Amino acid sequence: MLGRLFHCKSLEAAPPDSVPSAYQLRRTLGPVQLTLLGIGAIIGAGIFATIGTAAAGDLSRPGAGPALVVSFVITAIVCGFSALCYAEFAALVPVSGSAYSYAYATLGELVAWIIGWDLIIEYAVGNIAVAISWANYCKTFLAGFGLSIPDWLSMDYRTAAKIIDTAGVQAVYRDAPHVFGVPVIFNLLAMFIVTVITVVLVWGIRESARVNTVMVSIKILVLLFFIFIGCRWVQPSNWTPFAPNGWRGISAGAAIVFFAYIGFDAVSTLAEETRDPQRNLPLGILASLVVCTIFYVVVAAVFTGLISYPDLKATLATQQAEPLTLALEHANPQLGWAIQIVAFGSVIAHTAVLLVFQLGQPRIFFAMARDGLLPPVFRAVHPRFRTPYVSTLLTGVFVAGFATIASIDEMVDLTNIGTLFAFILVCAGIIILRRTDPARPRPFRVPCGWGWTLMLYSGFAFGVLLCPWSETSKAVLLLLGAVLFVLSRNYIFPVLGICSCLYLVYYLPPTSWLRFAAWLNCGFVVYAGYGVVHSRLTGRQHSRQPTEHDAYAAYVGAWLALVGTTLLFCMRGFDLWLAAFKKAEEVASFTQAGVAFAAILRPESWLEVSWFLILPLSLTAFVLCPLTIRRAFRAKAAETGDRYKREITMSVAVASVVGFTTITYLLSVAVFHY
């Protein structure tokens, strides 16, 4: 029965021309518009906000210093591997949905659901972080004109709690208006910009592209202005030492600026609104990535030449500031007019990112709803504008609502792992499709073979030889690399895409894994509750035997409950182990691992409150497990023989054990604390 979860949608069924006209989108986008949309998504919060942290570092990771230019190149290479895979898929499966549609055609329905649910993290949750960042920069920009926005109208509760005056009083809490003694604090600016963007997107794709073209033009002009002005004040001495924290700092910087590149895949969500998508989508994806990399490297070089690494680190440790305007002010305090222009460009950059990501998320909902995995309301198309207006409005409400109350750090952590996971699945899909359907015509094909393998290995070997490692370590890495490159020569770019994404995952905070597991568990509940029943590929309404489908739905629900719960506890255990491992740094590595393992065996460690564990477990225990048992008993009552007796019995047993275990754990946590 579980084999149905991996049924793939035929690629012949993928082209949208067979879909009724009421559910078709308007094709208006060409290669230039796609490239500009990609640039609009890529150049944003990364170059205007995270460049400072990437260069200076923070409390948990070192900075790259002037070697930030190398960090940008490394991240561009990592994203380039995935971009090539996206380009092949976009030409092969030219429909809305991005990685979701690609996974459905190659990896099966369950994997497609997982990646579609995961893309909500990249687009919607990521846009929450961008909206919050936009609000911060807009507040700074308006302050230059004497317009002051109160703090209680421009931040969330957790951020406000950290702002304490000299008397030790929480200043924002004190100054905010109170209702029944509770301070009113929310991010009005973030909600405002998301609302405006949502209205523009409902208006129409052509109008959205025009607005984006204007913003991208302004954004590029502002960056060119920063480069032109900054070059006059660059001090070459600031580039020494070039890599103050060595390769570790460069790698940490690459992991941070990864956010500056993730927008290129948003172009692939516009396949059904693109003219000649087999040709124009690959051009748009790759061209936007190349253009942005050139900009990033040049801006990073000018930025690190304007302010030295020690000065930047000392400044960002005591205040929150826009890095590019900070560098200009440090180079020449008299450049107030130039600082305002760059601040304006920052606001425009964030707005462009919001536009493209808000453009992409509804189209993923649109594709999932058309496949029956989400309710039909998500596939409704406006009769005049021909846009998925309902899903656009719902996305806007979701993003605007959370942007008013959420912390940017929490949103960024969740976006990190979701995006990398999506890239990994897209790269894996290319490998699988090459093996399962090698003869299919491909308008664009990811390069492979001995020539590319030898060239890429030469680059890998050159990088290893430049690293300050021992000769033995270099020899081992070169040998292992040679084996990997030879074995994967026919899939060299997808394999390197997977490996490089895992390399960046290594630098993610451990809590990211637990949060991702929590989000994935919620997705299992939604799929088992709705998608498995209404799927156009395997759903109940398309089955000739409703009893058999009830048994199948119960079986799927039981196993997803077990997998989701196990994954949650494993990620929680890994989180506890890593925290204990870091606390035992004074002992030897082998002993350190043993001490950390002993720490997680203590019951009190598991009874600490973690909402990223408690909430998804509650959803499983009180929603998914009862629903699974109900379906199993319905199938048993309707069955005339014993054909599905084993599946029904197993479903009830697994759901009962998972539900009982989860409820017992939740009660233990409650008793321990209360």
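As the structure is a computational prediction, the values presented were derived from the model and not from experiment.

Cut-off values and rules
- Residues numbered from 1 in each chain as written.
- Predicted model: local features only at pLDDT ≥ 70, side-chain atom pairs only at ≥ 80, totals over all residues.
- Heavy atoms only, no water.
- Helix = DSSP H or I, 4+ residues; strand = E, 2+ residues; numbered from the N terminus.
- Buried < 20%, exposed > 50% of the residue type's maximum accessible area, 1.4 Å probe, protein only.
- Contact = heavy atoms within 4.5 Å.
- Areas by Shrake-Rupley, 256 points an atom, 1.4 Å probe, with all protein chains shown as cover.
- Patch = residues over 30% accessible without salt bridge, like charges linked within 9 Å, V, L, I, M, F, W, Y side chains within 5 Å.
- Salt bridge = Lys/Arg side-chain N within 4 Å of Asp/Glu carboxyl O.
- Core = buried A, V, L, I, M, F, W, Y, C linked by side-chain atoms within 4.5 Å.
- Expected span 1.5 Å × (residues − 1).
- Bend = angle between axes of the 7 residues up to and from the residue.
- Polar contact = N/O pair within 3.5 Å; in protein donor to acceptor, adjacent residues only side chain to side chain.
- Axes fitted to C-alpha atoms, helices over the stretch in contact; angles between N-to-C directions.
- Parallel < 35°, antiparallel > 145°, perpendicular 65-115°, else oblique.
- Left-handed = near helix turned anticlockwise from the far one by under 90°.
- Phe/Tyr/Trp six-rings, centres within 6.5 Å; stacked < 30°, edge-to-face > 60°.
- pLDDT = per-residue confidence, 0-100.
- Nonpolar A, V, L, I, M, F, W, Y, C, P; charged D, E, K, R; others polar.

So, on to the overall build of the protein chain. Within the protein chain, the regular secondary structure consists of 25 helices and two strands. Counting only residues that meet the buried cut, the protein chain has 56% of its 674 residues in that class. A fraction of 82% describes how many contacts in the protein chain between residues 6 or more apart in sequence connect residues 24 or more apart. Accessible surface computed for the protein chain: about 28,000 Å², of which carbon and sulfur atoms make up 68%.

Take a nonpolar patch on the surface next. Residues Phe 622, Val 623, Ile 663 and Leu 667 make up a contiguous nonpolar surface patch of about 360 Å² in total accessible area. Among the elements of the structure, helix H24 (611–638) and helix H25 (645–673) are those that each provide at least two residues to the nonpolar patch. A relative accessible area of 54% places Leu 667 in the exposed class.

Our next topic: the pattern of salt bridges. Counting across every chain of the model gives seven salt bridges. Between Arg 634 and Asp 550 there is a salt bridge, with its nearest N and O atoms 2.9 Å apart. Taken together, the positions of Arg 634 in helix H24 and Asp 550 in helix H21 (residues 546–583) put the pair 84 residues apart, joining distant regions of the chain. In this structure, the salt-bridge partner of Arg 572 is Glu 608, at a minimum N-O distance of 3.9 Å. On the criterion of sequence distance, the pair formed by Arg 572 in helix H21 and Glu 608 in the loop between helix H23 (603–606) and H24 is long-range, its members being 36 residues apart. Salt bridges linked by common partners bring Arg 572, Asp 575 and Glu 608 together as one network.

This part covers the nonpolar core. Formed by 170 residues in total, the largest nonpolar core has its most connected members in Phe 72 and Tyr 527. In terms of residue count, the dominant contributor to this core is helix H5 (residues 109–143) (23 residues). Once you skip the residues sitting within four places of it in the chain, Phe 72 turns out to touch Ile 47, Ile 51, Val 257, Ala 260, Tyr 261, Tyr 296, Val 297 and Ala 300. The next biggest cluster of nonpolar side chains, apart from the first, holds twelve residues, and it includes Met 571, Ile 614, Leu 617 and Tyr 665.

In this structure, the amide linkage connecting Thr 240 to the following residue, Pro 241, adopts the cis form with an omega of -5 degrees. One can find Pro 241 in the loop between helix H9 (205–231) and helix H10 (246–257).

Our next topic: H5. In a regular helix each residue adds 1.5 Å, so 35 residues correspond to 51 Å; H5 covers 50 Å between its end C-alpha atoms and thus fits that length. Maximal helix bending in H5 amounts to about 25 degrees, located at Gly 126. For H5, the buried fraction is high: 30 of the 35 residues fall into the buried class.

Next up on the list: the side chain of His 549. You can see His 549 is positioned in helix H21. You can call His 549 buried: its relative accessible area is 1%. Polar side-chain contacts of His 549 include one of 3.1 Å to the backbone oxygen of Val 532.

So, about the packing of helix H3 (residues 68–92) against helix H19 (residues 492–505). Two elements in contact, H3 and H19, have axes whose closest approach is 8 Å; the angle formed by their N-to-C orientations is 135 degrees. What the angle tells us is that H3 and H19 run oblique. Classified by chirality, the crossing of H19 by H3 is left-handed. Across the interface between the two elements, Val 78, Phe 81, Ser 82, Leu 84 and Cys 85 of H3 pack against Phe 493, Pro 494, Leu 496, Gly 497, Ser 500, Cys 501 and Leu 504 of H19.

Attention shifts here to the packing of aromatic side chains. One pass over the full model with this rule turns up 21 aromatic pairs. Measuring from ring centre to ring centre gives 5.8 Å for Trp 113 and Tyr 527, while their planes differ by 35 degrees; the resulting arrangement is tilted. With Trp 113 in helix H5 and Tyr 527 in helix H20 (residues 511–534), the pair connects residues that are 414 residues apart, well separated along the chain. For the pair Trp 113 and Tyr 527, a shared accessibility class is recorded, and that class is buried.

Let us look at the environment of Val 505. Structurally, the position occupied by Val 505 is in helix H19. Of the residues examined, Val 505 reaches a relative accessible area of 8% and is grouped as buried. Val 505 sits 84 residues away from Phe 421 along the chain, and the two C-alpha atoms are 9.0 Å apart.

A few words now on the confidence of the model for the protein chain. The share of residues in the protein chain with pLDDT of 70 or more is 89%, and the mean pLDDT across the chain is 81. Across residues 14–19, where pLDDT falls below 50, the model places 13 contacts with residues more than four positions away in sequence or in other chains.

The N-to-C vectors of H3 and helix H4 (residues 99–106) enclose an angle of 70 degrees; their axes lie 10 Å apart at closest approach. On the basis of the axis angle, H3 is roughly perpendicular to H4. Each of Tyr 86, Phe 89 and Ala 90 in H3 lies in contact with H4, whose residues at this interface are Ala 99, Tyr 102 and Thr 106. Each residue belonging to the contact of H3 with H4 can be placed in one class, and the counts come to five nonpolar, one polar and no charged.

Moving on, we get to H20. Counted at 1.5 Å a residue, the expected span for H20 with its 24 residues is 34 Å, and the 34 Å between its end C-alpha atoms agrees. Along H20, the largest kink reaches about 45 degrees and is centred on Tyr 527. With 17 of 24 residues buried, H20 is to be regarded as a mostly interior element.

All right, on to the environment of Gln 340 then. One can find Gln 340 in helix H14 (residues 336–370). On a C-alpha basis, the gap between Gln 340 and Thr 325 in space is 8.0 Å, while along the polypeptide they are 15 residues apart. Not counting residues up to four positions away in its chain, the partners in contact with Gln 340 are Phe 141, Gly 144 and Phe 145.

This paragraph deals with the environment of Pro 443. Here Pro 443 is to be found in the loop between helix H16 (408–436) and helix H17 (450–466). The sequence separation of Pro 443 and Ala 87 amounts to 356 residues, and the corresponding C-alpha distance is 9.8 Å.

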